[in-house]
Amino acid sequence: MSDSSNKLKIFNDPIYGFISIPNPLIFDVIAHKYFQRLRRISQMGLSYLVYPGAHHTRFHHALGAMHLMQKAVRVLRFKGVEISPEEEQALYLAILLHDIGHGPFSHAMEQSIVKGVHHESLSLKFMHALNGVFDGKLDLAIRIFTGNYERKFMLQLISGQLDMDRMDYLRRDSFYTGVAEGSINADRLIQMMDVVDDRLVVEEKGIYSVEKFLVARRLMYWQAYLHKTSYVAELMLQHIFKRAVLLIGEGFSLQASDPLLHFLKNGAAAAFDEADLELFSKLDDTDVLMALKQWQSCGDFVLEQLCERILNRNLLKISLGDEKFTAADKEQAIAEVAEKYQISKAEASYFVYKGKIKNQAYSMDKEPICILKKDKTIADVVFVSDQLNLKALSKPVVKYYLCKPKLL
């Protein structure tokens, strides 16, 4: 057994500089194979098809969020908020593991293979599994993560509308994509935080930083997360998975790694038991990319075409508009594709999609971002701000899309 002092390592991060590991337990959790898998899971999925620099991982993001949590704990303690060593460690563990349940290209997988099993519930399953490995030392972290701890502000630091998760991913994704509009001043936001009546608040003098944060979030969604090119690539990947599931169900032989084949064949078992979790822990981006490469010559026209198009960035054309596309628009596009490629309409439907994209930077239905005013009263940021755009940011903006191949 190595000396515990050897576990107080530091990571060199391009965003924050040095990130320190606060104690040996955190080191051991980071060193565990479940967490190391996050090195092989891209933070932004297929966004690198639009932004070539967007190859950072969920491992990067989890460490960054933990670093911000360390800053938050220091600031809150300085302002007189009591946080015990046990609570401090639990906060670090909870934020570190908040995304551990993400699979490769997870949103596409959740829509097509592991339906009904979202990454949040998988994160909790991984946390319970790690709690067994580490003799119950994650008990408090799990209570905070699930909202079952009496000090509610701690959950807000992990999962709220102004949490360490969002602060890190906005700054990190902005950095790696080069979308400068998404950059935020996390230091200033954290410095302005306090706790009143067990609620996380931001001092009134920090209101402009909050406004900038919400505007940055909205712009990052349109320019990066919901960028039409990466969005259509994700839709194509969903249809690749759906086609693979259909073919395997019909007895078609497809090559893929054992973990990926398991979920393609079985979907998400209702229980998602320990064996499923162990197999899921072996899935990463490599499994999916290798499958796409192999399926380019699998013998099925639809699957071959879709895989080749993603790998070579020959993506479907997406039209965005304020008006809904009709069923007739979709049917016409399907008929054109069927005729062009001499395939059935059922097969052609894998190349034509319609739907809507929603962007809402701030939700009035969730726990609000509270501003601590100079007179010591507390109010929702929307009602304190002198910026009319914050009221606009709380309204969802919807755009409608139709995707289809470019037909010569």
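About the thresholds
Residues numbered from 1 in each chain as written. Predicted model: local features only at pLDDT ≥ 70, side-chain atom pairs only at ≥ 80, totals over all residues. Heavy atoms only, no water. Helix = DSSP H or I, 4+ residues; strand = E, 2+ residues; numbered from the N terminus. Rg over C-alpha atoms; globule rule 2.2 N^0.38 Å. Buried < 20%, exposed > 50% of the residue type's maximum accessible area, 1.4 Å probe, protein only. Contact = heavy atoms within 4.5 Å. Areas by Shrake-Rupley, 256 points an atom, 1.4 Å probe, with all protein chains shown as cover. Patch = residues over 30% accessible without salt bridge, like charges linked within 9 Å, V, L, I, M, F, W, Y side chains within 5 Å. Salt bridge = Lys/Arg side-chain N within 4 Å of Asp/Glu carboxyl O. Lys, Arg positive; Asp, Glu negative; His and termini not counted. Charge placed at Lys NZ, Arg CZ, Asp CG, Glu CD. 1 Å grid on protein atoms, 1.4 Å probe; cavity = no way out; pocket = protein on both sides within 12 Å on 5 of 7 lines; lining within 4 Å. Points joined across faces, edges and corners; volume = space filled by probe spheres on them. Nonpolar A, V, L, I, M, F, W, Y, C, P; charged D, E, K, R; others polar. Phe/Tyr/Trp six-rings, centres within 6.5 Å; stacked < 30°, edge-to-face > 60°. Lys NZ or Arg CZ within 6 Å of the ring centre and 35° of its normal. Pairing = 2+ DSSP bridges. Axes fitted to C-alpha atoms, helices over the stretch in contact; angles between N-to-C directions. Core = buried A, V, L, I, M, F, W, Y, C linked by side-chain atoms within 4.5 Å.

Visitor: I would appreciate a short explanation of the overall build of the chain in the present structure.
Guide: If you tally the helices and strands in the chain, you get 20 helices and 9 strands. Its C-alpha radius of gyration of 23 Å places the chain within 12% of the 22 Å reference for a compact globule of 408 residues. Dimensions along the principal axes, computed over C-alpha positions, put the chain at roughly 70 × 60 × 35 Å. Buried residues in the chain amount to 53% of all 408 residues. Taking as baseline every contact in the chain between residues at least 6 positions apart, the subset at least 24 positions apart corresponds to 71%. Working note: accessible area of the chain is about 18,200 Å², and carbon and sulfur atoms make up 51% of it.

Visitor: What's the story with a positive patch on the surface in this structure? I'm lost.
Guide: There is a patch of like positive charges on the surface, built from Lys228, Arg313, Lys317, Lys404 and Lys406. Looking at the secondary structure, you find Lys406 in the segment after strand 9 (397–404).

Visitor: Looking at this model, I keep getting lost on the layout of surface pockets. Mind explaining?
Guide: Taken as a whole, the second largest pocket holds about 150 Å³ of empty space. Surrounding the second largest pocket, Lys228, Thr229, Val232, Arg313, Asn314, Leu315, Leu316, Lys317, Ile318 and Lys406 form its lining. Mapped by element, the contributors of at least two residues to the lining of the second largest pocket are helix 12 (228–249) and strand 5 (317–321). Residue composition of the lining of the second largest pocket, grouped by class: 4 nonpolar, 2 polar and 4 charged.

Visitor: It is not clear to me how the packing of aromatic side chains should be interpreted in this structure. Could you clarify?
Guide: Geometry of an aromatic ring pair is reported as the spacing of the ring centres plus the angle between the planes. For the coordinates displayed, the defined rule picks out 12 aromatic pairs. A centroid spacing of 5.1 Å and a plane angle of 80° characterise the contact between Phe175 and Tyr176, whose relative ring orientation is edge-to-face. The exposure class of Phe175 is partly exposed, given its relative accessible area of 46%. Classification of Tyr176 by relative accessible area gives buried; the value is 18%. Summarising the aromatic geometry, the rings of Phe301 and Phe351 are spaced 6.4 Å apart at their centres and angled 50° between planes, so their arrangement reads as tilted. Remark: Phe351 occurs in the loop between helix 18 (345–348) and strand 6 (353–359) and Phe301 occurs in helix 16 (residues 301–311); sequence separation between them is 50 residues. For Phe351, a relative accessible area of 0% translates into the label buried. Within the aromatic cluster, the residues linked to one another by ring pairs are Tyr34, Phe126, Phe263 and Phe280. Between Arg39 and the ring centre of Phe59, over which it is positioned, the NZ or CZ distance is 3.9 Å. Over the face of the ring belonging to Trp222 we find Lys399, whose NZ or CZ atom lies 4.4 Å from the ring centre.

Visitor: Explanation requested: the sheet that holds strand 4 (residues 199–203) in the structure shown.
Guide: The strands making up a sheet associate through backbone hydrogen bonding, with each pair oriented either parallel or antiparallel. Across the sheet, which stays open at both edges, the 4 strands sit in the order 3-4-7-8 with mixed pairing between neighbours. Across the chains shown, the open sheet's two edge strands, defined by having one partner strand only, are strand 3 (193–196) and strand 8 (378–380). In this sheet, neighbouring strand axes are inclined to one another by 45° on average, regardless of whether the strands run parallel or antiparallel. By the bridge criterion, 4 bridges tie strand 3 to strand 4 in an arrangement that is antiparallel.

Visitor: What am I meant to see in the nonpolar core here?
Guide: It is characteristic of soluble globular proteins that their nonpolar side chains tend to be buried jointly. Of all hydrophobic cores here, the largest spans 143 residues; its most connected members are Leu157, Met164, Met167, Leu237, Trp295 and Val381. For Leu237, the residues in contact, after removing those within four places along its chain, are Leu46, Phe105, Ala108, Val288, Leu292 and Ile310.

Visitor: Explain the sheet that holds strand 9 to me, please; I cannot follow it from the model alone.
Guide: The 3 strands lie next to each other as 5-9-6, forming an open sheet whose pairing is antiparallel. Because the sheet does not close on itself, it has two edges, and the strands there are strand 5 and strand 6. This sheet shows a mean twist of 25° between the axes of neighbouring strands, independent of strand direction. Across 5 bridges, the pairing between strand 5 and strand 9 is antiparallel. Looking at strand 9, one finds that Gly321 is bridged to Tyr400. Those strands touched by helix 11 (residues 207–225) are strand 6 and strand 9, and its axis lies near 160° from that of strand 6. Set on the sheet, helix 17 (residues 327–341) makes contact with strand 6 and strand 9; between it and strand 9 the angle comes to about 25°.

The values reported here are purely geometric and, on their own, carry no functional implication.
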